[in-house]
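One letter stands for each residue in the lines below.
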Amino acid sequence: MTLKSEDVLNIAHLARLHIDEDAIDQYTSDLSSILTLVDQMNQVDSSGVVPLANPLDATQRLRDDEVTEIDERDKFQQIAPDVEAGFYRVPKVIE
Amino acid sequence: MAKSVTEISRGLAAGKFSSVEVTQDYLARIAEFNPSLNCFISVTDELALAQARQADDRRAGGEADALTGVPLAHKDLFCTDGVRTSCASRILDNFIAPYDAKVIENFKSAGAVMLGKTNMDEFAMGSSNENSHYGCVANPWNTAHVPGGSSGGSAAAVAAGLAPGASGTDTGGSIRQPAAFCGVTGIKPTYGRVSRYGMIAFASSLDQGGPFARSAEDCALLLRTMAGFDRRDSTCSEQAVPDYPASIGRGVEGLKIGLPVEYFAEGLDSKLAAVIETAVDELRRLGAEIQDISLPNTGLSIPTYYVVAMAECSSNLSRFDGVRFGYRCEDPVDLEDLYKRSRGEGFGAEVKRRILIGTYALSAGYYDAYYLKAQQLRRMIKDDFQKAFSSVDLILGPTTPGVAFRIGAKTDDPVSMYLQDIYTISLNLAGLPGMSLPVGFVDGLPVGMQLIGNYFDEAGLLNAAHSYQQVTDWHLQTPELKV
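It should be emphasised that the depicted structure is a prediction, and the values quoted were computed from it without experimental measurement.

Residue and element names in this part refer to chain B. Looking at the element boundaries, Thr68 is found in the loop between helix 3 (45–60) and strand 2 (71–75). The exposure class of Thr68 is buried, given its relative accessible area of 0%. For Thr68 and Lys16, which are 52 residues apart along the polypeptide, the C-alpha to C-alpha distance reads 14 Å. Contact partners of Thr68, with chain neighbours within four places excluded, come to Leu12, Ala55, Arg58, Arg59, Ala110, Gly111 and Ala112. Of note is the side chain of Thr68, whose polar atom sits 2.7 Å from the backbone nitrogen of Asp65. A distance of 2.7 Å separates the side chain of Thr68 from the backbone oxygen of Ala110, its partner in a polar contact.

Here it is, written out as structure tokens:
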């Protein structure tokens, strides 16, 4: 599997990840070699095998619908990059 | 110095020394040797001494647990309330965790002392510790070589006697491989045995915490405290935790041990293979019955693992967005720029590669070909092990294909680095417990032997390793350190 640099830029956009212009060729080549490794999976016919999501085939544990968390907003916001009046601040989204 | 967890626990109980004294000894060794080894990202000396004083008071009050006052180091991906938890990433360089991981809670309630937070590959992604924002850890046996990864700082700290025991996490070998490279004992428990709450997630269906120490006996003590049910981890097991220290004296007489032919095939260093064969002979002399077995899908484990791990990492690491915590880029022009540059500047190269591959594998049109296919192969790999365990009690092989390589030897080629994990990653895919223990040296560097058990048979692994360690002294060897 070989990727082109446009593919890498598109994937980087989907991942909301900035890639430096001069590093794109290196990423394109690294990702292509990783995908070549991954393509070894196709050597095996796995049709009909039930996909395994949890090694112990466990199912989701349910709990009672009760409040279990306490309000720790002030503590959590102490480590935020930018807050004001209890809100997280980001650049303006709506014009 | 370089006392074991068990010796410290007994010495404290007998009043031979205080926790403050032991903690001061370790802090002094850290101050002396950490500048050259780089095992720790943060040394929490004031906190450690405060906890040691509390532990001594608790013991004086007659309320001591086996680990009360025992100093330990923790991998810097376990959240520690009020203490920086960096995951060895620039994006979390300023992150003071607002709560404790369950593992940390457990050690705190046992009264253990935290010496500091250990170095690692960024977000646990790596097999050499070279992917740390804070620089590589040096292998205490030969400082030009890597300590392994991702829990390289924890393994090297135990090997160098900068801590008698340490926590780690293992997603594809990140406890067992550095344990092997540094000549210490480490165990990755069954998936779900140790709570993942407060362990910064890499690949949630594979991640599992576990201890490093100098011996199986020490690991048994540490694992008893780490393990157990926690409702805040949705995949944590409700099975009761056995008394591991009480279950390690049973010997290996009549124990059936399988050697997978695929683990002794092409790719394994021949000198390392000879060391493993000598260790197998030792177990045979102790009464174990050795037989060959086959795990035919072993070769598929690397591609399967990297798809599962990268897909889950791309999803887990989407939480690092520069909005609520962690690094934020300078002067973002809009929200998208804030996300992209905070992440682009905050993550290192290997983390970015994995996010990109994972994003690709999960993107529209590719999900079935990659993630679903990998999950199918994952079941085939698990079935291989289940078939093997119908005829043997434990599986044995090398932990790694070779001993610790030189720093820089594999950094140019991510795929050659991934191939290092061939013997360890299939266990994470299957969710099985495994451990690595030192069994000799090749070219002055330690060799690790891996034992693999069936689900929740950590006691069986620890017992077999302990039996071996009763008649050998590889685990007692210590490197000569230079300042």
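Turning next to empty space enclosed by the protein. Residue and element names in this part refer to chain B. The full count for this structure, using the stated rule, is 4 cavities of 30 Å³ or more. In this structure, the largest cavity encloses a volume near 80 Å³. For the largest cavity, the lining is made up of 13 residues, of which Gly126, Gly172, Ser174, Tyr305 and Asp421 are closest to its centre. Split by residue class, the lining of the largest cavity holds 4 nonpolar, 7 polar and 2 charged.

With that settled, the discussion passes to the packing of aromatic side chains. Two aromatic rings are characterised by how far apart their centres lie and by the angle between their planes. All names here are of chain B. For the structure shown, the criterion picks out 16 aromatic pairs over all chains. Considering the side-chain rings of Tyr360 and Tyr366, the 4.6 Å spacing of their centres and the 35° angle between planes classify their relative orientation as tilted. Judged by relative accessible area, which is 6%, Tyr360 ranks as buried. Tyr366 sits in the partly exposed class, given a relative accessible area of 33%.

Turning our eyes to something else, we now look at the nonpolar core. When a protein is soluble and globular, its nonpolar side chains tend to lie buried together. Residue and element names in this part refer to chain B. Membership of the largest hydrophobic core comes to 177 residues, with the highest contact counts inside it found for Phe123, Phe385 and Leu462. Per-element accounting of this core gives the leading share, 9 residues, to helix 9 (residues 301–316). If near-sequence neighbours (up to four positions away) are discounted, Leu462 is found in contact with Ile187, Ala216, Cys219, Ala220, Leu223, Tyr244, Ile248 and Met435.

Further remarks concern the environment of B:Ala274. Residue and element names in this part refer to chain B. Inspection of the secondary structure assignment puts Ala274 in helix 8 (residues 270–285). Judged by relative accessible area, Ala274 falls into the partly exposed class, the value being 39%. Spatially, the C-alpha atoms of Ala274 and Gly440 are 9.9 Å apart, while their sequence positions differ by 166 residues.

B:Ser150 follows B:Gly149 through a cis peptide bond whose omega is 10°. Considering the arrangement of structural elements, one finds B:Ser150 in the loop between strand 3 (113–118) and helix 5 (152–159). For A:Asp57, which is not glycine, the phi torsion reads 50° and is therefore positive. Phi at B:Phe123 is positive, roughly 55°, even though this residue is not glycine. Within the fold, B:Phe123 resides in the loop between strand 3 and helix 5.

A separate point is the interface of chain A and chain B. Frequently, the measure chosen for interface size is the accessible area that the parts lose on association. Across the boundary between the two partners, chain A contributes 49 residues, which contact 70 residues of chain B. Regarding the contact of chain A and chain B, the summed buried area is about 5200 Å², with carbon and sulfur atoms giving 68% of it. Three residues, A:Met41, A:Leu52 and A:Arg61, lead the burial of chain A against chain B; their summed loss comes to 14% of the area buried on that side. Where chain A packs against chain B, one counts 5 salt bridges. Measuring nitrogen to oxygen at the nearest pair gives 4.0 Å for the salt bridge that ties B:Arg328 to A:Asp82. Inspection of the region where chain A meets chain B yields 19 residue pairs in polar contact (both at pLDDT 80 or more).

A few words on the pattern of salt bridges. Across all of its chains, the model carries 25 salt bridges over all chains by this definition. Where B:Glu217 meets B:Arg10, a salt bridge forms, and the shortest distance between an N and an O atom there is 3.6 Å. With B:Glu217 in helix 7 (residues 216–226) and B:Arg10 in helix 1 (residues 5–13), the pair connects residues that are 207 residues apart, well separated along the chain. For B:Glu217, a relative accessible area of 28% corresponds to the partly exposed category. Classification of B:Arg10 by relative accessible area gives exposed; the value is 56%. Salt-bridge contacts for B:Arg84 lead to B:Asp93; the nearest nitrogen and oxygen are separated by 2.9 Å. Connected via shared salt-bridge partners are A:Asp30, B:Glu350, B:Arg353 and B:Arg354.

Residues and elements named next belong to chain B. Among all positions in helix 4 (residues 102–110), only Lys102, Val103, Ile104, Asn106, Phe107 and Ala110 are buried. Here the buried face of helix 4 lies against helix 3, strand 2 and helix 7. In the stretch just after helix 4, Gly111 is the one whose phi turns positive, near 85°.

What follows concerns the layout of surface pockets. Residues and elements named next belong to chain B. One number sums up the size of the largest pocket: a volume of about 810 Å³. In terms of lining residues, the largest pocket is bounded by 28 residues, among which Cys79, Pro98, Tyr99, Tyr197 and Gly198 are the most central. Broken down by class, the residue content of the lining of the largest pocket amounts to 14 nonpolar, 1 polar and 13 charged.

Calculation notes
- Residues numbered from 1 in each chain as written.
- Chains lettered and ligands numbered in written order.
- Predicted model: local features only at pLDDT ≥ 70, side-chain atom pairs only at ≥ 80, totals over all residues.
- Heavy atoms only, no water.
- Helix = DSSP H or I, 4+ residues; strand = E, 2+ residues; numbered from the N terminus.
- Buried < 20%, exposed > 50% of the residue type's maximum accessible area, 1.4 Å probe, protein only.
- Contact = heavy atoms within 4.5 Å.
- Polar contact = N/O pair within 3.5 Å; in protein donor to acceptor, adjacent residues only side chain to side chain.
- 1 Å grid on protein atoms, 1.4 Å probe; cavity = no way out; pocket = protein on both sides within 12 Å on 5 of 7 lines; lining within 4 Å.
- Points joined across faces, edges and corners; volume = space filled by probe spheres on them.
- Nonpolar A, V, L, I, M, F, W, Y, C, P; charged D, E, K, R; others polar.
- Phe/Tyr/Trp six-rings, centres within 6.5 Å; stacked < 30°, edge-to-face > 60°.
- Core = buried A, V, L, I, M, F, W, Y, C linked by side-chain atoms within 4.5 Å.
- Buried area = accessible area lost by both parts, 1.4 Å probe.
- Salt bridge = Lys/Arg side-chain N within 4 Å of Asp/Glu carboxyl O.

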